[in-house]
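# Coordinates in review
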Amino acid sequence: MGRYVVRRLLQMIPVFIGTTFLIYYMVYQLGGDPISAMFGDKGADPVFVRLKREEFHLNDPLIVQYWYYITDLLQGNFGTSFNGRPVSEELKRAFPVSIRLAVIAFAIEVVIGVGLGLLSGLRRGKLADTLVLAGTLVVISIPVFVLGTIAQFWLGSEWGIFEATASVGDPTWSQLVLPGLVLGSLSLAFVARLTRTSVAENMRADYVRTATAKGLPRRRVVTRHLLRNSLIPVVTFLGADLGALMAGAIVTEGIFNVDGVGRLIYLAVTKHESSTVVGAVAALVMIYLVMNLIVDLLYAVLDPRIRYA
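Residues numbered from 1 in each chain as written. Predicted model: local features only at pLDDT ≥ 70, side-chain atom pairs only at ≥ 80, totals over all residues. Heavy atoms only, no water.

### Considerations on the overall build of the protein
The secondary structure content of the protein amounts to 13 helices and zero strands. Each helix and strand of the protein, ordered N terminal to C terminal, gives the series α-α-α-α-α-α-α-α-α-α-α-α-α. Counting only C-alpha atoms and orienting by the principal axes, one finds that the protein spans roughly 80 × 55 × 30 Å. Burial statistics for the protein: of 309 residues in total, 41% are counted as buried. Here the contacts in the protein between residues at least 6 apart in sequence split such that 77% fall between residues at least 24 apart. Total accessible area computed for the protein in this model is approximately 16300 Å², and 66% of it derives from carbon and sulfur atoms. In the protein, 28 positive and 22 negative side-chain charges are present, and the distance between their average locations comes to 17 Å. (Helix = DSSP H or I, 4+ residues; strand = E, 2+ residues; numbered from the N terminus. Buried < 20%, exposed > 50% of the residue type's maximum accessible area, 1.4 Å probe, protein only. Contact = heavy atoms within 4.5 Å. Areas by Shrake-Rupley, 256 points an atom, 1.4 Å probe, with all protein chains shown as cover. Lys, Arg positive; Asp, Glu negative; His and termini not counted. Charge placed at Lys NZ, Arg CZ, Asp CG, Glu CD.)

### Digging into the UniProt feature "transmembrane region" (unreviewed entry) in the protein
Those places that UniProt annotates as "transmembrane region" (unreviewed entry) correspond, in this numbering, to residues 12–31, 97–119, 131–155, 175–194, 234–256 and 276–302. Across residues 97–119, helical content stands at 100% and strand content at 0%; the span's end C-alpha atoms are separated by 33 Å. Taken as a whole, residues 131–155 contains 92% helix and 0% strand, while its terminal C-alpha atoms sit 22 Å from one another. (UniProt positions renumbered as here; feature names shortened; annotations may be inferred.)

### What about unusual backbone geometry?
Even without glycine at this site, asparagine 257 takes up a positive phi of about 60°. Structurally, the position occupied by asparagine 257 is in the loop between helix 11 (250–255) and helix 12 (261–270). Of the residues examined, asparagine 257 reaches a relative accessible area of 26% and is grouped as partly exposed.

### Here we look at the domain arrangement of the protein
The assigned domain composition of the protein is domain 1 (1–87) and domain 2 (91–271). Each of domain 1 and domain 2 has a C-alpha centre, and the two are 34 Å apart. (Domains from an automatic or database assignment.)

### Observations regarding the packing of aromatic side chains
Each aromatic ring pair is described using two quantities: the centre-to-centre distance and the angle formed by the ring planes. Taken as a whole and assessed by the stated rule, the structure comprises six aromatic pairs. The interplanar angle of 70° and the centroid separation of 6.0 Å between the aromatic rings of tyrosine 24 and tyrosine 66 together place this pair among those described as edge-to-face. Here tyrosine 66 lies in helix 4 (residues 62–74) and tyrosine 24 lies in helix 1 (residues 2–28), a separation of 42 residues in the sequence. With centroids separated by 5.5 Å and ring planes inclined at 40°, the aromatic side chains of tyrosine 24 and tyrosine 69 adopt a geometry described as tilted. Taken together, the residues span a long stretch of sequence, with tyrosine 24 in helix 1 and tyrosine 69 in helix 4 at a distance of 45 residues. Here tyrosine 24 falls in the buried class, since its relative accessible area comes to 3%. Joined through ring pairs, the aromatic side chains of Phe21, Tyr24, Tyr66 and Tyr69 make up one cluster. (Phe/Tyr/Trp six-rings, centres within 6.5 Å; stacked < 30°, edge-to-face > 60°.)

### Focus on a nonpolar patch on the surface
Together, Val144, Phe145, Leu186, Phe190, Ile250, Val251, Tyr266 and Leu267 make up a nonpolar patch on the protein surface, roughly 650 Å² of accessible area in all. Within the residue set of the nonpolar patch, elements represented by two or more residues are helix 7 (144–158), helix 8 (177–202), helix 11 and helix 12. Note that isoleucine 250 resides in helix 11. Of the residues examined, isoleucine 250 reaches a relative accessible area of 33% and is grouped as partly exposed. (Patch = residues over 30% accessible without salt bridge, like charges linked within 9 Å, V, L, I, M, F, W, Y side chains within 5 Å. Salt bridge = Lys/Arg side-chain N within 4 Å of Asp/Glu carboxyl O.)

### Comments concerning the packing of helix 5 (residues 87–122) against helix 8
Running from N to C, helix 5 and helix 8 cross one another at 30°; their axes reach a closest spacing of 6 Å. Comparing the axis directions of helix 5 and helix 8 gives the class roughly parallel. Crossing of helix 5 against helix 8: the hand is right-handed. Here the contact of helix 5 with helix 8 is composed, by residue class, of 18 nonpolar, eight polar and two charged. (Axes fitted to C-alpha atoms, helices over the stretch in contact; angles between N-to-C directions. Parallel < 35°, antiparallel > 145°, perpendicular 65-115°, else oblique. Left-handed = near helix turned anticlockwise from the far one by under 90°. Nonpolar A, V, L, I, M, F, W, Y, C, P; charged D, E, K, R; others polar.)

### Description of the side chain of arginine 100
Following the sequence through the fold, arginine 100 ends up in helix 5. When near neighbours in sequence (up to four residues on either side) are disregarded, arginine 100 contacts Asp170, Pro171, Thr172, Trp173 and Leu176.

### Quick word on the pattern of salt bridges
On inspection of all chains with the given rule, the structure shows eight salt bridges. Measuring nitrogen to oxygen at the nearest pair gives 3.9 Å for the salt bridge that ties arginine 263 to aspartate 259. On the basis of relative accessibility, which here comes to 15%, the residue aspartate 259 falls in the buried class. Through salt bridges with shared partners, one network takes in Arg85, Glu90, Arg93, Asp259 and Arg263.

### A word on the confidence of the model for the protein
In this model, the protein carries a mean pLDDT of 85, and residues with pLDDT of at least 70 account for 92%. At the level of individual helices and strands, the protein shows its lowest average pLDDT in helix 2 (residues 34–37), which scores 69, and its highest in helix 6 (residues 127–141), which scores 93. (pLDDT = per-residue confidence, 0-100.)

Here is the structure:
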């Protein structure tokens, strides 16, 4: 296990360097001059532009610029925005909000998604299975911004079940329930369908028939034998989805006025704050890599037949 973890950590290094270099290249090279872009049609003071280009090493070759950036990043310095504010301060403010939102969405999709998938798989071809398949298909078919607007109007404004918007700055957990429900709805549908398919296939497996023939209680057969092995593909999806929940919340955070990472990236893109965009995306890349490592380690817990070399 130890050697496997070390090997995976070493594999993460080229992935991290490659992804951050690609992001850096796309933001600083494909988007034109980021300093001049901040001023739009108004035009910028040439002296100010020259000083800023020297400060951010924008006159150096791309590989030299990236070297300065990755060196600072490995020391925990995410850079400085063009207005002089450290990007790390923006991330410290936005990430706790997005983490809370992602945790709520993740809990909803795990509990409800796995529960519906298990129910549908156990009752395949019956009314419950049909309702789950139809309901998840509806959720998948509706765009997130439409679903968010409908949920905000009916569940928030009209019926008052949840708070319709979050307060600026530091929203409470209760204010994030409705955004979390909308954010996790699409993944919930996929988790339910994935769990259903896996449960339905494993119900015909030899180990399930053996456990049933031994006279074990149905609850024990389902929870300890059937569900445990059926969750392996679901865990793979959930691990990758946790990072996506934080990065893909731009629309949801915009609808419910949640001041998180998605909103930070959106505002940084509109204001041409390249340093903030690169820093926020680099932090999300780290989260993706760590979550994938955790998912790989969870395989052995769910299936004892899996061993690490």
